Structure formats: structure tokens, C-alpha cells
Amino acid sequence: MNNDRGDKLALLHDLGVRVWLSRSGQADPAATAKGHDRAPAEEPVRQGSPADSTAMDWAQLEKTVARCHACDLHRGRTQTVFGTGDRQARWMIVGEAPGAEEDRRGEPFVGRAGQLLNAMLQAAGFRRPDVYIANIVKCRPPDNRDPRPDEAASCSGYLDRQIALVEPQLILAVGRVAAQRLLKCETPVGRLRGRLHRYGESPGVPVVVTYHPAYLLRSPREKQKVWQDLLFALEQGGT
Ligand code: URA
């Protein structure tokens, strides 16, 4: 077994995925499946409506987010958490909101859930810098509560613009908040999984929904389903 394959199998093991090996020793997927800147001393941005950001380039957008006071979440933040990764990535990962560690470091998914997200990405054949990672809201909600609809709405123009600039071939929405916000629905994640959705105007960006890694930390038995979702996403292209 070469080292790459050994690493991948170890990651799948971390994900709790049972891997079936064919007689040739190859993993059989089918069988298996069955930052950013501290707010500068400039005028705060009070209006965060989507229309404000539609024409911005990366630098303008990042600066605007760093100064944003469009909702009350700005009061509790250490810094905004803009997004990270390849700005021309084929896959974009959208999560919910920064947690304590992300708020401290200014980067999404760097806590325990982030480590599991990295393992998920590696199992799918990506390194973390190969994808672009962003959240529905850019500031940490107090006590790690879910972002409220008005907070997500205030921030939505920023994510819309990030998606427009990256032009990903696929969006992986992790968790209920990301999935429902991107797809403008209230359907539970369990019913959104396993189907290809579209984000934005026709033809739209393909969206695959899976569970949030923080949920997997609480419910490790669902990891097998996430592996199925990743295989489904890989089948949609964008690889
Ligand atoms: N959970 C998220 O949804 N996003 C992060 O950045 C960290 C944890």
C-alpha cells in the first residue's frame, strides 16, 4: 500500500467509514458508500445590503466586511471571519458562523469542527487550501447560538459576492443554517441530502448538502452518511 492510499484510508477511518477493499487492494467507493484584518479605524459600514457589494472586487469586499456594523453581531466580535482558501476553487464550502476559535484567529473552521472538515476534504481528495471556505455570517454569534435570520440577511450580500467571485463548480453546504440559507428553504438537512440543488439564478451553482462537522462530533454514527454525500458531490463534477 503506498503512503497516499494509507493516509486516505486512515482519514476514512477517522471519519468512521468502513472501507471495502477489492481483491486488487483498491478501495471500492461504491461498496464503501453503500481574515482577517482587524477593523481599521475607518467609518464603519452600516448598510450591509446585498446591493452594496455586487460590484466589489476581493479587496473592497474584504475591507467592507472588516468594517461592517450592519447587525448587532459586530458588538461581540474580536474580528470578522471573511473566508479562506483558493479564490478560484472548484469547490466552495459554506458553513454557518465563526465560533470562539475562529473569532480569535480570523479564519473559518479552525476549531475541532474544522479539523473534522479537513479530514472530510482530504477523504474527498482535496487539501484545505484547494477549496474556498466561508460562512453565512462573518461575525461570531454570542454563546455560539445560531445566527438569526435578520443577521444572516444582513450578511448575505457578502457571501453572494464571494460566490460570484469564486465561481465554484460546486458548493458543499455543511449544516442546516448554510443549506437553508443558500437554498432559501426550511427543509431539514436529512431531506436535502442526496439531491442536487442549485444556488442563484438559472442555471445556478450546483449545491450538495451534508451534515455540519460539529454535528458529527456529537453524532459520530452519521459520518458514514457524510462520506456518501462527499461521493455524491464528487460525482457531480467540479473535481
Ligand atoms: N462552524 C462553522 O459553521 N463555521 C466555522 O467557521 C466554524 C465552525
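Residues numbered from 1 in each chain as written. Predicted model: local features only at pLDDT ≥ 70, side-chain atom pairs only at ≥ 80, totals over all residues. Heavy atoms only, no water.

### Regarding the sheet that holds strand β1 (residues 84-85)
At step 1: Strands sit in the order β1-β3-β2-β4-β6-β5 across an open sheet of six strands; the sheet is mixed. Each edge of the open sheet is held by one strand with a lone partner, namely β1 and β5 (197-199).
At step 2: Bridge count for strand β4 (residues 170-174) against strand β6 (residues 205-210) is four bridges, and the pairing is parallel. Note that in β6 the partner of Leu-172 across the bridge is Val-208.
At step 3: Contacts from helix α11 (residues 223-235) reach β2 (91-95), β4 and β6, with the element oriented near 170° to β6. (Pairing = 2+ DSSP bridges. Helix = DSSP H or I, 4+ residues; strand = E, 2+ residues; numbered from the N terminus. Contact = heavy atoms within 4.5 Å. Axes fitted to C-alpha atoms, helices over the stretch in contact; angles between N-to-C directions.)

### With respect to the side chain of Asn-135
At step 1: Mapping Asn-135 onto the fold places it in strand β3 (residues 132-135).
At step 2: A distance of 3.1 Å separates a polar atom in the side chain of Asn-135 from the backbone nitrogen of Glu-96.
At step 3: The residues contacting Asn-135, other than those within four sequence positions of it, are Gly-95, Glu-96, Ala-97, Pro-98, Pro-108, Phe-109 and Leu-159. (Polar contact = N/O pair within 3.5 Å; in protein donor to acceptor, adjacent residues only side chain to side chain.)

### Here's the deal with the pattern of salt bridges
Between side chains of opposite charge, a pair can form as their charged atoms come close.
At step 1: Counting across every chain of the model gives 12 salt bridges.
At step 2: Among the ionic pairs, Asp-229 bridges to Arg-193, the shortest N-O distance being 2.8 Å. Highlighted residues: Asp-229 in helix α11 and Arg-193 in the loop between α9 (189-192) and β5, separated in sequence by 36 residues.
At step 3: On the accessibility criterion, Arg-193 (17% relative accessible area) is buried. (Salt bridge = Lys/Arg side-chain N within 4 Å of Asp/Glu carboxyl O. Buried < 20%, exposed > 50% of the residue type's maximum accessible area, 1.4 Å probe, protein only.)

### Side note on the pairing of β4
At step 1: Most of β4 is tucked away: five of the five residues are buried.
At step 2: Burial along β4 is two-sided: the residues Leu-170, Leu-172 and Val-174 and Ile-171 and Ala-173 are all buried.
At step 3: Of the strand pairs in this sheet, β2 and β4 are connected by four bridges, and their pairing is parallel. Bridging from a neighbouring strand, Met-92 pairs with Ile-171 of β4.

The analysis is restricted to geometry; functional conclusions fall outside its scope.
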